[in-house]
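# Descriptive structure summary
Now for the letters of each chain:
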Amino acid sequence: SVGTDIINYDAIIIGAGFGGIYMLKKLRDELGLKVRAFDKAAGIGGTWFWNRYPGALSDSETFVYCFSWDRELCQEWDITTRYVDQPQILSYLNHAVDRHDLRKDIQLETAITSAVFDESITRWFVSTDDGHQYSAKYLVTALGLLSATNVPKFKGQEKFKGKMYHTAHWPADAVLDGKRVGVIGTGSTGCQVITAIAPIVGHLTVFQRSPQYTVPVGNGPVSREYADEIKRNYDAIWNEVRSSRLAFGFKESNIPTMSVSPEERKEIFQRAWEGGGGFRFMFETFNDIAVDEQANFAAQEFIRDKIKEIVKDPETARKLMPRDLYAKRPLCDSGYYATFNRPNVSLVDVKENPIEEITAAGVRTADGVEHELDVLVFATGFDAVDGNYKRIDIRGRNGLSIKDHWSDGPSSYLSMSTSNFPNMFMILGPNGPFTNLPPTIETEVEWVSDMIGFMEENELACMEPDPECERQWGVTCREIADQTLFARAESWIFGANIPGKTNTVYFYMGGLGPFREILASVQNEDYRGFKFKGLSPSGNY
Ligand code: FAD
Ligand code: NA7
């Protein structure tokens, strides 16, 4: 039976970002359950609480980087810029939480250290880092895809006398003005932070391992007419977003790259370059850049030509020019390549000239140069998708740990559930859609809420997906991913950014629209692939 010093809930949610917030709303206010959400952060917002580095910006456009479920808020909240930056998103999410009076059911600064399923009473027991225990029938993990940080270890790191920051643990008191700053990493985050801090630091040294294809983001204020037009059409916009593949709020192209003349191709790329947006450049221009080598090469060449044009020093331009596939998360920036024309910015190619060690004064590279630094920034990304799962002791039936269950790489049935972990629902679990994320998060939250509602209505004690359906879902995800060039590029999307991490499929690349159709058909067929168990007369499993 449930102990007396344990506080009991119907549902426990881990995480208070976009996912956890909406999940709390659904379960508490629509299903009337007793729910508590926990987050180890000192504030709500998830990603946008943690990532406070200069330049942090969502590159999903403002009108699709918000909650569609709060239709009133969609009308009330001002759209003033084409994209929203970290402070804007954080204040939006705080406003949403207060608007729905959710704060009182969110416990902050509390990390979940373990979650153990007790099969005899079909309940989860959750322990926190402050020594308390809680239990719940349902456990919802909204732990974030890009949340557990990747901090590579360099020789001598502990000797460094300056400050070291990972971009996702950016301290409020960080001072960069006039300082000698080094940045390791040139992914989406690296490009943003490098471009933002170059004008304020004394000297900036960029340690680049892989050069990046990036296009202008095209941020700026928007007109009142633009915002009004979106608000007038919001219902139609959301419908389109939900049935699209990428959920970014633009019409995905259906034209093959090679079907147009070279001149027309260049014009289309140029228009996209001027219009701005990384996903737009890759998916609004043509329909095959991510799947066809020749098409991909055409896009690469266009960007390489831009680098040649923008970057004045030919040696720096050469180092900045990627030669591999354009098949990582498409990036966009606010003047990244041009930043390297600044006299206070230098570029070190750490593939040609590796980091040997971190010294008391800075970073020493293989050529013997010691790059003296006051601040070293790690823009080295995340242990994506399953990173936070491995950092909690999660145990399902028969004490099986999630680490063992996922020893060959994480798996799921429909991203939201995994066998042996009954009544555990994952928001953005492995093998979910690769999209602009809020619409996918909403899709998953609504589906989970529907299933929990179904279980409550039918007095079911327990749900668990069929392992064979889970295996099949993994095969489907693999097959789709293998049709794309993304599978051949090394990035976090396939777990290739962390030494020793299983390089496998982590996403359903079939798109949100098709994913939603699959979910609807599963639901219509009495939750095909899920096993349920009813309550015994005693109320036990
Ligand atoms: P998160 O916001 O990551 O929240 C997860 C929460 O779980 C965190 O607050 C964390 O503290 C908490 N947590 C984890 N483990 C525990 C534990 N053991 N105990 C207690 N709490 C725990 N997506 C886009 O669609 N478009 C973008 O332009 C975009 N830009 C991004 C830029 C950056 C710099 C980053 C890092 C991510 C970006 N993303 C973007 C992805 C972004 O993560 C999602 O859009 C969205 O914010 C995810 O929300 P979430 O609620 O699923 O997870
Ligand atoms: P990314 O895209 O994983 O980028 C991390 C960067 O750090 C990338 O340039 C890496 O080089 C580099 N890196 C990682 N480890 C090292 C070591 N050991 N030495 C040198 N350089 C290293 O993370 P981001 O935070 O930029 O973006 C992740 C997502 O979060 C992004 O898509 C947004 O959606 C938000 P590599 O390319 O691996 O050679």
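Residues numbered from 1 in each chain as written. Chains lettered and ligands numbered in written order. Predicted model: local features only at pLDDT ≥ 70, side-chain atom pairs only at ≥ 80, totals over all residues. Heavy atoms only, no water.

### Considerations on the overall build of the protein chain
The cut-off we apply is this: Runs of E in the DSSP output that reach at least two residues are strands. Runs of H or I that reach at least four are helices, and both are numbered from the N terminus. Each radius of gyration is computed over the set of C-alpha atoms, and the globule rule expresses the reference value as 2.2 Å times the number of residues to the power 0.38. Using a 1.4 Å probe on the protein chains alone, a residue whose accessible area is under 20% of its type maximum counts as buried, one over 50% counts as exposed, and one in between counts as partly exposed. Contacts are assigned to residue pairs with any non-hydrogen atoms lying within 4.5 Å of each other. Each accessible area value is a Shrake-Rupley result obtained with a 1.4 Å probe; residue values ignore everything except the protein chains displayed when judging cover. Residues counted as positive are Lys and Arg, residues counted as negative are Asp and Glu, and His and the chain ends are not counted. Note on charges: their place is set at NZ of Lys, CZ of Arg, CG of Asp or CD of Glu.
A tally of helices and strands in the protein chain yields 17 helices and 24 strands. Relative to a compact globule of 541 residues, whose C-alpha radius of gyration would be 24 Å, the protein chain shows 24 Å and is just as compact. In terms of overall dimensions, the protein chain has a C-alpha envelope of 80 × 55 × 45 Å along the principal axes. Taking all 541 residues of the protein chain together, the buried fraction comes to 58%. Taking as baseline every contact in the protein chain between residues at least 6 positions apart, the subset at least 24 positions apart corresponds to 72%. For the protein chain, the exposed area adds up to about 21,900 Å²; of that, 49% sits on carbon and sulfur atoms. The positive charge centre, built from 57 side chains, and the negative charge centre, built from 74, are 3 Å apart in the protein chain.

### Comments concerning the site of ligand 2
Put simply, the rule reads: Think of it this way: one heavy atom of a residue within 4 Å of a molecule or strand is enough to make that residue near it. A 3.5 Å cut-off defines polar contacts: any pair of N or O atoms within that distance qualifies, except that in protein one atom must be a possible hydrogen donor and the other a possible acceptor, and neighbouring residues in sequence count only when both atoms are side-chain atoms. Throughout this entry, Asp, Glu, Lys and Arg are counted as charged residues, while Ala, Val, Leu, Ile, Met, Phe, Trp, Tyr, Cys and Pro are counted as nonpolar. The remaining residues, Gly among them, count as polar.
The environment of ligand 2 is formed by 18 residues, the closest being Thr186, Thr189, Arg209, Ser210 and Arg329. Here threonine 186 contributes a backbone N or O atom positioned 2.9 Å from an oxygen atom of ligand 2. A distance of 2.9 Å separates an oxygen atom of ligand 2 from a polar side-chain atom of arginine 329. The residue makeup of the shell around ligand 2, split by class, is seven nonpolar, eight polar and three charged.

### So, the packing of helix H15 (residues 437-457) against helix H17 (residues 512-524)
A pair of packed helices can be characterised by two numbers: the angle between their axes and the separation between those axes. Rules: Only the stretch in contact is used when a helix axis is fitted, and all axes are lines through C-alpha atoms; the angle between N-to-C directions ranges over 0 to 180 degrees. Throughout this description, any angle smaller than 35 degrees is read as roughly parallel, any larger than 145 degrees as roughly antiparallel, any in the 65 to 115 degree range as roughly perpendicular, and the remainder as oblique.
Relative orientation of the contacting elements H15 and H17 amounts to 5°, with a least axis distance of 11 Å. The orientation of H15 relative to H17 falls into the category roughly parallel. In this structure, H15 contributes Pro439, Thr440, Thr443, Glu444, Trp447 and Asp450 to the contact, and H17 contributes Leu512, Phe515, Arg516, Leu519, Val522 and Gln523. In the contact of H15 with H17, the residues fall into six nonpolar, three polar and three charged.

### Re the state of the cysteines
Basically, it comes down to this: Criterion for a disulfide: a pair of cysteine sulfur atoms at a distance within 2.5 Å.
All told, the structure shown has zero disulfides when counted by the stated rule. The structure places no disulfide on cysteine 74, whose sulfur is separated from the nearest cysteine sulfur, that of cysteine 66, by 5.0 Å.

### Re the packing of helix H7 (residues 234-243) against H17
At a minimum axis separation of 5 Å, H7 and H17 run at an interaxial angle of 80°. With respect to their mutual orientation, H7 and H17 come out roughly perpendicular. Residue-level inspection shows Val241, Arg242 and Ser243 of H7 in contact with H17, the latter providing Leu512, Gly513 and Arg516. Residue classes in the contact of H7 with H17 are distributed as two nonpolar, two polar and two charged.

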